[in-house]
Amino acid sequence: MSKRHLSDTEKLRRSRESQVYSATRETLFTQELPSSTMHALSLDWVSGVNSSLPVYVLQDHSQLVFLYAGANVGVLYNHTTNSQHILQGHICPISCMCVSEDRRWIATADQNEKSTVILWDSYSGIPVHTLFDCHSEGGVIAMGFSPDAKQLVTLGRESQQCVCVWDWTNETGEALWLAELSPEYGYQNHIIYNPNNSTQLLSSSDMQVLFYSTAERSLQYVPLKVIKLGDAATLELNASLFPHSTPEFCEMQKMAGGPLSPSVFHWREFRIITPSRAGVVMIWELSQDLDSNQRLSRDRVKIISLQEHPITVLAAIDNCIVTGDTRGHINFYDENMLLLTWFTQMNLDPIVSISFSKEFEREYLEDGTPDDKPVLGRNFVVSSSTSTVVHVNVERGTWRVLLQENCHPLHAVACHPKQPAFVMGNHRGALKVWDYQQKRTVRKTVVEKEKEIQCVAIDPQGRYLAVGFASGAVHFLDVNTLQSDPKERFDYPPDSISHMSFSHDSNYLATADVGKAVTLFRMQPTQWIYLARYRSHYKPITDLSFGVDRDGGKPRLLTLGMDRLLVEYDVEASDTGELVILRSVRLEQSAVPKCMTWYPPLGAEEFLVVASDQYKMKLFNSTAKTCSALEGAAALGGKELTPYYTLLEGGRNGKFYREIEDFFYYCQIHDQGLDSMETRQLSTKIPLTELPSLMRALAYFPTEQEVEDMLNEVKLGQYAETGEYVTDINLEELIKLYINHRPAFGISADELAAAFEVLCRADASKGEPRLRRDQMLELLQVQGEAMTEDELAECLTALLGLFEVKEEESPEVDFIKSDNVSQEYSLESLIPEEISMEIFTSQILGLPPSLSSSSSSSTTLSSP
């Protein structure tokens, strides 16, 4: 890393620190903060809420700001100004969040093999610290800040769960303390600090509460247990109901009446309050002696049957106990569990979270209210299981809905061609039109007959909305009303719709389904009619697109499939019951095309951009279906050859680059004749005829079709402008060609084994697959890109090392001539009649024998 780069990084760090130190509560939504350049796309708005995670109110005074999660981002939403600030940094969906007591700091975490925890400043929206690989086995399931916000506790979701305490204010990447939890205590999914003591914590599962202490400068924990458990008959019965639980846990669930909900600490006393799904509340009188808490006497555990319906969330604040339940009701109780007030008319689904404002609506305590009396002075925000967020004004006894977002996954989206809006659909049959300028829903409906919406499309004129369903049905709706004519509801295809596209003139709609078929509809004259359906692919269709013929302005319909075929249809020649195929072309040999789009009409030719599963994008002439160069891609990575050099091992100054140069100039010598005694005429270019050999010398072994694609890419690169073919290539163009066409990864051992089994046509019941020698030779000369007898002899000569170099000639001269094979060997003596996987890899291909039995798909057999 250069000194200049280090300097830029240091400047960025100091700039962010300065912004954090100077930020106030009003900074984020009132001042223009520098935009981040870390992301390729600028995320402007998030529609939808992760309903399983809590919602936290951050400000509720001059402006109402709250935090929620959507997919892999956190969202700071200012309801007062209808604006968002997006916390972007996770690559996987956020699994849990927490905020500090003063609402200044936010922590977000995800679940993947390299779990990440990011800490944010809520005043500026800037990430201030990141914890990498903190729970690498399964990620983070829960976490919480200490009362002073200097420590963060994380609870992992490993097979044997771990609890880690972090001093996140320091740069160290190691946890302060760590404890491994015994699986006998159940799957812990909730953890918090005692708001009155930073050395005490609790976690809970649906059958056990654990109490933690760091008072001895280590993380120790004990399960809360009661000494008196009941008679043996009761324990035996409970063990039969909960076979994986110990008698103590069965007794705890018995006392609670059912599974436990997350516990909390008492606001003043050294107690833990545990609600249950049976409406019961257990209050544990704890002892400062850690071990004694796992031997609590029965009189130190109070059990109160509080309500009939399951309690889903409980909070303890301002001398009040607050519960939310499955009915969507919120109840306030005093310390003696006497009902103070309730909110039951909000029409909510089960409550997921309750978050209280930091500010009081009025200064109760300054008015002389006793410290031990309940204080109903804070507003709060409630979230439900269906992603509804409600703000409640406690003093006025009123509430208002802040968000009613998507709680179910979206499966379809389409942008309006003439208005700043797009349509969304899900598997519950819900359709919604959302204005992305005003950031609001303008229309919505629920399709009653068909539920599972798979895809939607809007015609170019913005009049019709086509909706495809999992049942195979296709409905045409009015975009402005979201209403449909019963005559324009079609149920012909029996397979789920996967793709939809309108023609440019809005006269045709084409759909593709999981049955590998294409269906065509036509507007005639004021009503949509069904034309035809045809199964044009033998593997799933990956994309479908309409284009425009430049010469006649007629619609062109193309589909792309996992069978590697690009199929074009004659739309205007198709009629009722007949969908006419114009042509079908195979685009790839090994890569699987995933999607396509039309290249902008910048030149005289029409092109398609096709992306594959091998991280490649290719530009194909839409008529001739030949591969051409994809210009402009280099600009995304830097100037000139900079992005290509970075993809070479060692870069521009590495050993591999020097080898490329050596091979490049050797090809010039080879073209002029290795035995020539004339003065060499070195040039900056080599003939295209040398390209295949040069690629193979660089450890990239293209098929004949791939060789043809590369040659066409170079030959036709300037044909549209000059009318002439290119016949040579320089070093810079060679490097681009090599980088663009070489495989992104080598061949894995699993892929090689799968290919060998295909050749063997192996039946799993026959044991180890084996290939007969004569069968292998026949396959190589008949199937795929068939080899001639001479080509096969040359390849086997090279692979088996059957060289006998004559003294009078150089080793480089015709190094694969078959007449150099030693007469002492024969094919039968070197290759057995039956070939196993190990013989194929080690004796024929010359690979290490261990690779033949490797089952790891990450084992690479070759790498460019």
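As a convention, each chain's residues are numbered from 1 in the sequence order in which they are written. Local features in this predicted model are restricted to residues whose pLDDT is 70 or higher, and side-chain atom pairs enter the listing and the counts only when it is 80 or higher, whereas totals over whole chains, interfaces and linings include all residues. Side-chain metrics in this entry use all non-hydrogen atoms of the structure; hydrogen atoms and water are not considered.

**Digging into the overall build of the chain**
Point 1. Put simply, DSSP marks the helices as runs of H or I at least four residues long and the strands as runs of E at least two long, and each gets a number from the N terminus on. Each helix and strand counted, the chain has 15 helices and 52 strands in total.
Point 2. Relative to its full complement of 864 residues, the chain shows a buried share of 47%.
Point 3. Pairs of residues are marked as contacts when any of their non-hydrogen atoms sit within 4.5 Å. The long-range fraction of contacts in the chain, counting pairs at least 24 apart against all pairs at least 6 apart in sequence, stands at 47%. Classification of residues uses two cut-offs on accessible area relative to the type maximum, computed with a 1.4 Å probe and protein chains only: under 20% is buried, over 50% is exposed, and between them is partly exposed.

**Re helix 13 (residues 789-799)**
Point 1. Burial in helix 13 covers these residues: L792, L796 and T797. Mapping the buried residues of helix 13 onto a view down its axis gives an arc of 135°, with all of them on the same face.
Point 2. G801 lies just past helix 13 and shows a positive phi near 70°. Comment: arc refers to directions from the helix axis out to C-beta atoms.

**Digging into the confidence of the model for the chain**
Caution applies to low-pLDDT regions: their predicted coordinates should not be interpreted in detail.
Point 1. Each residue carries a pLDDT score, the predictor's own confidence in it, on a scale running from 0 to 100. Per-residue pLDDT for the chain averages 83, and the proportion of residues at 70 or more is 85%.
Point 2. Within the model, the stretch residues 804-823 combines pLDDT values under 50 with 17 contacts to residues more than four positions away or in other chains.
Point 3. This stretch, residues 854-864, has a pLDDT under 50; its non-local contacts, to residues over four places away or in other chains, come to 27 contacts.

**As for the sheet that holds strand 13 (residues 190-194)**
Point 1. Read from one edge of the open sheet, four strands run 13-14-15-16, paired in antiparallel fashion. Only two strands of the sheet have a single partner each, and these edge strands are strand 13 and strand 16 (220-223). Between one strand and the next, the sheet's axes are offset by a mean angle of 25°, whatever the strand orientation.
Point 2. When DSSP finds two or more bridges between two strands, those strands count as paired. As paired strands, strand 13 and strand 14 (residues 197-204) are joined by five bridges and run antiparallel to one another. Note that in strand 14 the partner of Y193 across the bridge is L201. The axes used here are C-alpha line fits, helices contributing only the stretch in contact, and every angle between their N-to-C directions lies in the interval 0 to 180 degrees.

**Concerning the nonpolar core**
Point 1. Buried residues of nine kinds, namely Ala, Val, Leu, Ile, Met, Phe, Trp, Tyr and Cys, make up a nonpolar core once their side-chain atoms join them within 4.5 Å. Formed by 35 residues in total, the largest nonpolar core has its most connected members in L67, L76, I106, V117, M143, F145 and L152.
Point 2. Within the second largest apolar cluster, 27 residues are counted, among which are Y645, I660, M710 and L731.

**Looking at helix 11 (residues 749-760)**
Point 1. Take the number of residues in a helix, subtract one, and multiply by 1.5 Å to get its expected span. With twelve residues, helix 11 should cover 16 Å at 1.5 Å per step; its first-to-last C-alpha distance of 16 Å lies within 8% of that length.
Point 2. What helix 11 keeps buried is the set A749, L752, F756 and C760. Buried residues of helix 11, seen end-on, are gathered within an arc of 75° and therefore sit on one face of the element.
Point 3. In this structure, the buried side of helix 11 is in contact with strand 51 (771-772), strand 52 (834-835) and helix 15 (837-844).

**Description of the packing of aromatic side chains**
Where two aromatic rings form a pair, the distance of their centres and the angle of their planes describe that pair.
Point 1. The criterion for an aromatic pair is that two Phe, Tyr or Trp rings (for Trp, the six-membered ring) have centres within 6.5 Å, with stacked assigned to planes under 30 degrees apart, edge-to-face to planes over 60 apart and tilted to the rest. What the rule picks out here adds up to 28 aromatic pairs.
Point 2. With a centroid separation of 5.7 Å and an interplanar angle of 40°, the aromatic rings of Y212 and Y221 are classed as tilted.
Point 3. Taken together, W45, F66, Y68, Y77, F422, W434 and Y436 form an aromatic cluster joined through their ring pairs.
Point 4. Placement of a positive charge over a ring is assigned whenever Lys NZ or Arg CZ falls within 6 Å of the ring centre and within 35 degrees of the normal to the ring plane. Here the guanidinium or amino end of K715 rests over the ring plane of Y725, the centre of that ring lying 6.0 Å away.

**Quick notes on the sheet that holds strand 3 (residues 73-78)**
Point 1. Strands sit in the order 1-2-3-4 across an open sheet of four strands; the sheet is antiparallel. Of all the strands in the sheet, just strand 1 (56-60) and strand 4 (83-88) have a single pairing partner and so form its edges. The average angle at which neighbouring strand axes cross in this sheet is 20°, direction not considered.
Point 2. Across six bridges, the pairing between strand 3 and strand 4 is antiparallel. Opposite N78, over in strand 4, you have S83 as the bridge partner.

**Focus: the pattern of salt bridges**
Point 1. Definition used for salt bridges: Asp or Glu carboxyl oxygen within 4 Å of a side-chain nitrogen of Lys or Arg. A complete count under the given rule lists 22 salt bridges for this structure.
Point 2. Its salt-bridge partner being D44, residue K439 comes within 3.8 Å of it at the nearest N-O pair. Of the two residues, K439 is situated in the loop between strand 31 (430-435) and strand 32 (440-446) and D44 in the loop between helix 2 (27-30) and strand 1; the sequence distance between them amounts to 395 residues.
Point 3. With a relative accessible area of 52%, D44 lands in the exposed category.
Point 4. For K451, the salt bridge goes to E448, with nearest N and O atoms at 3.7 Å.
Point 5. Looking at K451, the relative accessible area reads 35%, which means it is partly exposed.

**Section: the packing of helix 11 against helix 15**
Point 1. Helix 15 packs onto helix 11 with a crossing angle of 115° between their chain directions and a minimal axis gap of 10 Å. For the element pair helix 11 and helix 15, the recorded crossing hand is right-handed. Facing L752, A753 and F756 of helix 11, the residues of helix 15 in contact are M837, F840 and T841.
Point 2. Any residue outside Ala, Val, Leu, Ile, Met, Phe, Trp, Tyr, Cys, Pro, Asp, Glu, Lys and Arg is labelled polar, Gly included; the first ten of those are nonpolar and the last four are charged. Looking at the contact of helix 11 with helix 15 residue by residue, the classes come out as five nonpolar, one polar and no charged. For a crossing to be left-handed, the near helix must be turned anticlockwise from the far one by less than a right angle; the clockwise case is right-handed.

**With respect to the state of the cysteines**
Point 1. Working definition: a disulfide is two cysteine sulfur atoms within 2.5 Å of each other. Taken as a whole and judged by the stated rule, the model has zero disulfides.
Point 2. Unpaired in terms of disulfides, C134 finds its nearest cysteine sulfur in C164, a separation of 7.3 Å.

**Here we look at the environment of G561**
Point 1. One can find G561 in strand 42 (residues 555-561).
Point 2. Among all residues touching G561, those that are not within four sequence positions of it are H537, P540, I541, T542 and P593.

**Quick word on the side chain of S536**
Point 1. Relative to the elements of secondary structure, S536 occurs in the loop between strand 40 (528-534) and strand 41 (541-548).
Point 2. Assessed through its relative accessible area of 12%, S536 is described here as buried.
Point 3. Every residue in contact with S536, bar those within four places of it in the chain, is listed here: K516, V518, T559, V567, Y569 and I581.

**Concerning the packing of helix 12 (residues 773-782) against helix 13**
Point 1. At a closest axis distance of 10 Å, the pairing of helix 12 and helix 13 adopts a crossing angle of 125°. Considering the angle they form, helix 12 stands oblique to helix 13. Between helix 12 and helix 13 the crossing geometry is right-handed. Contact residues: helix 12 offers L777, L780 and Q781, while helix 13 offers E789, L792 and L796.
Point 2. Of the residues assigned to the contact of helix 12 with helix 13, the class counts are four nonpolar, one polar and one charged. Any angle that falls under 35 degrees is termed roughly parallel, while one over 145 is termed roughly antiparallel, one within 65 to 115 roughly perpendicular, and all others oblique.

**Remarks on unusual backbone geometry**
Point 1. The backbone of R217 shows a phi angle near 60°, a positive value even though the residue is not glycine.
Point 2. Examined against the element boundaries, R217 turns out to sit in the loop between strand 15 (209-213) and strand 16.
Point 3. Of note in this structure, N319 is not a glycine but carries a positive phi near 65°.
Point 4. By secondary structure assignment, the location of N319 is in the loop between strand 21 (311-317) and strand 22 (320-325).
Point 5. Judged by its relative accessible area of 9%, N319 is buried.

**Regarding the side chain of H416**
Point 1. Residue placement: H416 occurs in the loop between strand 29 (410-415) and strand 30 (421-426).
Point 2. Judged by its relative accessible area of 7%, H416 falls in the buried class.
Point 3. A polar contact of 3.0 Å, which involves the side chain of H416, links it to the backbone nitrogen of K418.
Point 4. For H416, the residues in contact, after removing those within four places along its chain, are A421, F422, I458, G462 and V479. In protein, a polar contact requires one atom able to donate a hydrogen and another able to accept it; more generally it is a pair of N or O atoms within 3.5 Å, and residues adjacent in sequence count only if both atoms are side-chain atoms.

**A word on the environment of T481**
Point 1. Tracing the chain through its elements places T481 in the loop between strand 35 (474-478) and strand 36 (484-490).
Point 2. Look at T481 and you get partly exposed, because its relative accessible area is 43%.
Point 3. Through-space distance from the C-alpha of T481 to that of R443 is 7.7 Å; in sequence the pair is 38 residues apart.

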